[in-house]
Amino acid sequence: MIKLFYMGPMFRYERPQAGRQRQFYQFGTEALGSMHPGMDAEVIAMALQIFERIGLVGLKAEINSVGCKECRTNYHAVLLEYFRNHISQMCPDCQMRLEKNPMRILDCKAKTCQPYINECPEVIDSVCLACRNHLDEVIKYLQLMGISPVLNPRLVRGLDYYTKTAFEIRDESLGAQNAVAAGGRYDNLVQDMGGPATPAIGFAAGMERIILAMKNKGIEPMKKHNLIYIAATSEEVKDKAAVLAQRLRANNIPVELSWDKKSLKSQFRHAANINARYTIIVGDSEINQGKVMLKDMTKEEQQLIAVEELPDYFCVVPDTF
Ligand SMILES: [Zn+2]
Ligand SMILES: [Zn+2]
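Residues numbered from 1 in each chain as written. Chains lettered and ligands numbered in written order. Predicted model: local features only at pLDDT ≥ 70, side-chain atom pairs only at ≥ 80, totals over all residues. Heavy atoms only, no water.

## What about the packing of aromatic side chains?
Stage number 1. Applying the stated rule across the entire model yields eight aromatic pairs.
Stage number 2. Arranged with centres 6.2 Å apart and planes meeting at 85°, the rings of Phe27 and Phe203 form a pair that is edge-to-face. Of this pair, Phe27 sits in strand β2 (residues 23-32) while Phe203 sits in strand β7 (residues 200-206), and the two are 176 residues apart along the sequence.
Stage number 3. Here a set of aromatic residues connected by ring pairs shows up, and it is made of Phe27, Phe167 and Phe203.
Stage number 4. In this arrangement the basic side chain of Arg12 is found over the ring face of Phe24, its NZ or CZ atom lying 4.0 Å from the centre.
Stage number 5. One Lys or Arg, Lys140, reaches over the ring of Tyr141 and ends 5.0 Å from the middle of that ring. (Phe/Tyr/Trp six-rings, centres within 6.5 Å; stacked < 30°, edge-to-face > 60°. Helix = DSSP H or I, 4+ residues; strand = E, 2+ residues; numbered from the N terminus. Lys NZ or Arg CZ within 6 Å of the ring centre and 35° of its normal.)

Quick look at the structure:
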């Protein structure tokens, strides 16, 4: 089982349009190595959880099955049969798609094509028993996790390598283009590219649309909540504060301190501004005994703690890291 994620700028070849720039930012995850429907549910649940963490609550997970290779052959035949009678009234792109890959017709946004697409047979009616069972199991696992997916029999993916589960996470505040993440299974892709047979599932999310959704809902970007601020009571102990910062950072604990702020009051104000979770107060007499004052910024509590204990303390506070 391999689980991966990525994040960064991406580039698309197709012509740019409103909300679809040539360069955009995307993050995504891929889980390779399992056929189990529980894996699908886990990936969908994770996508929803990521959005919840940034404040986008109440998003809908739409789900469908696009079937396996055999189902696909059946469905192509069904679509060919259906669209044959309508294709002369449809757009030139769709006329090309009918011969090459009739499933792509379902993605067509042309107005003239919509009435025919709306009436066309659904992929879910062409999937085999194994694929249908897989979908039912994914839904079952999601429901066990407290998620109510919406079965959308019209949902297909624009790329041909997808198999079985297809899903989109939608935010209804965004209007027509409301998918903030989309993904699915691609059980044959690794093998088709020359690798060993490797089932897989993943999703990608476009950051521009996520930012738009956050703006629509007035959600502020989350401030760093893990941050530890180190305040020094005097210029004389700044060196001790610096050594402590270095030590905590070596333990992967994010630390901030101010070189130019003199008064404790202005340092506390800064700690509050950067939303520090804890403030460590390095004072003359305490630090000489190997101790510092630790202030929990959420509880307005403080305690004297040995410098030695700090790395372990921060690593065991469960809601902090
Ligand atoms: Zn199938
Ligand atoms: Zn069309």
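## Focus: the packing of helix α1 (residues 37-53) against helix α5 (residues 129-144)
Stage number 1. Between α1 and α5, the shortest axis-to-axis distance is 8 Å and the interhelical angle comes to 50°. As far as their axial angle goes, α5 and α1 are oblique. With respect to the hand of their crossing, α1 and α5 are arranged in right-handed fashion. Two secondary-structure elements touch here, α1 through Pro37, Gly38, Asp40, Ala41, Ile44 and Ala45 and α5 through His134, Glu137, Val138, Tyr141 and Leu142.
Stage number 2. Considered class by class, the residues forming the contact of α1 with α5 number seven nonpolar, two polar and two charged. (Axes fitted to C-alpha atoms, helices over the stretch in contact; angles between N-to-C directions. Parallel < 35°, antiparallel > 145°, perpendicular 65-115°, else oblique. Left-handed = near helix turned anticlockwise from the far one by under 90°. Contact = heavy atoms within 4.5 Å. Nonpolar A, V, L, I, M, F, W, Y, C, P; charged D, E, K, R; others polar.)

## Remarks on the environment of Lys3
Stage number 1. Looking at the element boundaries, Lys3 is found in strand β1 (residues 2-11).
Stage number 2. The exposed category is assigned to Lys3, whose relative accessible area is 55%.
Stage number 3. Residues Lys3 and Tyr25, spaced 22 residues apart in sequence, show a C-alpha to C-alpha distance of 21 Å.
Stage number 4. Setting aside its immediate chain neighbours within four residues, Lys3 contacts Glu30, Ala31, Met39 and Glu42. (Buried < 20%, exposed > 50% of the residue type's maximum accessible area, 1.4 Å probe, protein only.)

## A word on the coordination of the zinc ion (ligand 1)
Stage number 1. Donor atoms from the polypeptide that coordinate the zinc ion (ligand 1) comprise Cys68 (SG), Cys71 (SG), Cys128 (SG) and Cys131 (SG), at 2.1 to 2.3 Å from the metal.
Stage number 2. In this structure, the zinc ion (ligand 1) is coordinated by four donor atoms arranged in tetrahedral fashion, with angles at the metal of 105 to 122°. (Donors = N, O, S within 2.8 Å, 3.2 Å for Na, K, Ca; no water. Tetrahedral: all angles 85-135°; square planar, octahedral: opposite > 155°, others 65-115°.)

## Some remarks on the coordination of the zinc ion (ligand 2)
Stage number 1. Within the first shell, the zinc ion (ligand 2) binds the protein through Cys91 (SG), Cys94 (SG), Cys108 (SG) and Cys113 (SG), at distances of 2.2 to 2.3 Å.
Stage number 2. In this structure, the zinc ion (ligand 2) is coordinated by four donor atoms arranged in tetrahedral fashion, with angles at the metal of 103 to 115°.
Stage number 3. Written as a sequence motif, the donor arrangement for the zinc ion (ligand 2) is C-x2-C-x13-C-x4-C. You can see Cys91 sitting in the loop between α2 (69-84) and α3 (92-100) and its partner Cys113 sitting in the loop between α3 and α4 (114-119), a full 22 residues away along the chain. Residue Cys91 shares its accessibility class with Cys113, and that shared class is buried.

## Description of unusual backbone geometry
When glycine is set aside, most residues are seen to have a negative phi, and most peptide bonds are trans.
Stage number 1. Within the chain, Lys164 stands out as a residue other than glycine whose phi angle is a positive 50°.
Stage number 2. You can see Lys164 is positioned in strand β5 (residues 163-170).
Stage number 3. We note that Asn252 has phi near 65°; this positive angle belongs to a residue other than glycine.
Stage number 4. Take Asn252: it is sitting in the loop between α8 (238-250) and β9 (255-257).
Stage number 5. Exposure remark for Asn252: the relative accessible area of 69% places this residue in the exposed category.

## Things to note about the domain arrangement of the protein chain
Stage number 1. If you check the domain split of the protein chain, you get domain 1 (2-68 + 127-216) and domain 2 (228-316).
Stage number 2. Computed over C-alpha atoms only, the centres of domain 1 and domain 2 are separated by 42 Å. (Domains from an automatic or database assignment.)

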